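Each chain, written out:
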Amino acid sequence: MSDTVVAERPKQFKRDKRDVHGWVVLDKPVGMTSTHAVSRVKRAFGAKRAGHAGTLDPLASGCLPIALGEATKTVPFVMDGRKLYRFTVRWGEERDTDDAEGRVTETSDQRPSADVIRALLPAYTGTIQQVPPRYSAIKIEGERAYDLARDGETVELAARPVEIARLDLVSTPDPDHAVFEAECGKGTYVRALARDLGRALGTFGHVSALRRVAVGSFGQETMILLEDLEALCHRAAAGEASLADALMPVETALDDIPALAVARADAARLQRGQAVLLRGRDAPIFRGPVYVTVEGQLLALAEVDHGEIVPKRVFNLAGLHGRRKKG
């Protein structure tokens, strides 16, 4: 009986995770899922926690705000913000996914003129009723609609109200294509908008290109390409750069709500989850959500009512965190 030699497996180098807090506004490339994008950013920073504020389909590019660490507590504020999209509709074909990945289900030889398109757009602005795409993440009796659709089941989704603040025709590069910009609220599907425009115009249509230009306060000027981010992380590991330069502060997501500064004694109470009653000239004269700071540092998300500050989410920013850029 011969001896069997068992080769030792090379040891896997496990990188220590660390506390990283802030926002990275990724310019997501076409072909990558939002989940994969988050994992790449999380790995680049060695962060313990990460999440994103609004899925982008693999075929879409652009603004994907990624929250690291304590910034994940502020994700709902970004999700509720307005989104700005630039997208191209391909006329003459409707597809089962309402984008270029799907199977063609309807065709037409009709092509709309720019004037006819523009005349239709007011009907799709304001609060409208929209039926989401069959291939969407909406749940039906606990199952994702796209899973049911892929299994060949008939998916019937109810129309729901969505807000489209602005819808403009940007250009018509050729008879088969039209480029639009849409500024819309939470829950709006651009793919469904393209489908409905195509039907209303007497032709069919689907999204052939889609780019998210902005989400809330995060826009083009704050975006970073994945390769640039990873290069910065490599330079930081070599001591040639700072990772904080790629991070925006946690409170960037809270720009639309008031900030309230408190003294250290009140900060200690809020940190323990206790309410604070401010009297005299320090008492806030408004009601509603605020973010609370102490000595310039984010402390808590809170509700103010009759001068009382009630903490809802307390932040612990120990570790690496984004900082406000000067200038």
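As the structure is a prediction and not an experimental result, all values here were calculated from the model. (Residues numbered from 1 in each chain as written. Predicted model: local features only at pLDDT ≥ 70, side-chain atom pairs only at ≥ 80, totals over all residues. Heavy atoms only, no water.)

Any chance you could break down the overall build of the chain for me, citing the residues and the numbers?
From N to C terminus, the chain includes seven helices and 19 strands. Relative to its 327 residues, the chain shows a buried fraction of 46%. Long-range contacts, defined here as pairs at least 24 residues apart, represent 70% of the contacts in the chain between residues at least 6 apart. Carbon and sulfur atoms form 48% of the exposed surface of the chain, whose accessible area is close to 17700 Å². (Helix = DSSP H or I, 4+ residues; strand = E, 2+ residues; numbered from the N terminus. Buried < 20%, exposed > 50% of the residue type's maximum accessible area, 1.4 Å probe, protein only. Contact = heavy atoms within 4.5 Å. Areas by Shrake-Rupley, 256 points an atom, 1.4 Å probe, with all protein chains shown as cover.)

Just give me the short version of the environment of Glu 230, but keep the residues and values in it.
Structurally, Glu 230 can be placed in helix α6 (residues 226–237). On the accessibility criterion, Glu 230 (22% relative accessible area) is partly exposed. Along the chain, Glu 230 and Val 41 lie 189 residues apart, while their C-alpha atoms are 8.0 Å from each other. Residue contacts for Glu 230: discarding those within four places in its chain leaves Arg 40 and Ala 44.

Lay out the sheet that holds strand β16 (residues 288–294) with the relevant residues and their values.
What the five strands build is an open sheet, ordered β14-β16-β17-β18-β15; its pairing is mixed. Of all the strands in the sheet, just β14 (259–261) and β15 (276–277) have a single pairing partner and so form its edges. Relative to strand β18 (residues 308–314), β15 runs antiparallel, the two sharing two bridges. Residue Val 276 lies in a different strand from β18, and its bridge partner there is Ile 309. Across the sheet, helix α7 (residues 264–271) touches β15, β16, β17 (297–305) and β18, and the angle it forms with β18 is around 55°. (Pairing = 2+ DSSP bridges. Axes fitted to C-alpha atoms, helices over the stretch in contact; angles between N-to-C directions.)

I'd like to hear about the nonpolar core, residue by residue, with values.
Of all hydrophobic cores here, the largest spans 48 residues; its most connected members are Val 41, Phe 45, Leu 68, Phe 87, Leu 167 and Phe 180. Those residues in contact with Phe 180, other than ones at most four positions away along the chain, are Tyr 85, Arg 86, Phe 87, Val 89, Trp 91, Ile 117, Leu 121, Leu 167, Asp 168, Leu 169, Val 170 and Leu 197. Counting 21 residues, the second largest nonpolar core, distinct from the first, contains Trp 23, Val 250, Leu 254 and Tyr 291. (Core = buried A, V, L, I, M, F, W, Y, C linked by side-chain atoms within 4.5 Å.)

Run through the confidence of the model for the chain, naming residues and quoting values.
When pLDDT is averaged along the chain, the result is 86, and 86% of the positions lie at 70 or above. Looking over the chain, one finds the lowest element-wise mean pLDDT in strand β8 (residues 139–140), namely 58, and the highest in strand β11 (residues 177–184), namely 98. (pLDDT = per-residue confidence, 0-100.)

Provide a residue-level description of helix α1 (residues 34–45), including the pertinent values.
The end-to-end C-alpha distance of α1, which contains 12 residues, comes to 17 Å, matching closely the 16 Å that a straight helix rising 1.5 Å per residue would cover. Listing the buried residues of α1 in full gives Ser 34, Ala 37, Val 38, Val 41, Ala 44 and Phe 45. Buried positions in α1, seen along its axis, are confined to an arc of 130° and lie on one side of it. Projecting away from the buried face of α1 at angles above 90 degrees are the exposed residues Thr 35 and Arg 43. The secondary structure elements touched by the buried residues of α1 are β1 (20–28), β2 (50–52), β3 (60–68) and α6. In the stretch just after α1, Gly 46 is the one whose phi turns positive, near 65°. (Expected span 1.5 Å × (residues − 1). Arc of directions from axis to C-beta.)

Please provide a residue-by-residue account of the packing of aromatic side chains, values included.
Tallied over the entire structure, the rule returns three aromatic pairs. Consider the rings of Phe 87 and Phe 180, whose centres lie 5.4 Å apart with planes at 20°: the pair is stacked. One end of the pair, Phe 87, is in strand β4 (residues 83–91); the other, Phe 180, is in strand β11, with 93 residues separating them in the sequence. Both residues of the pair, Phe 87 and Phe 180, belong to the buried class. Summarising the aromatic geometry, the rings of Trp 91 and Phe 180 are spaced 6.4 Å apart at their centres and angled 90° between planes, so their arrangement reads as edge-to-face. (Phe/Tyr/Trp six-rings, centres within 6.5 Å; stacked < 30°, edge-to-face > 60°.)

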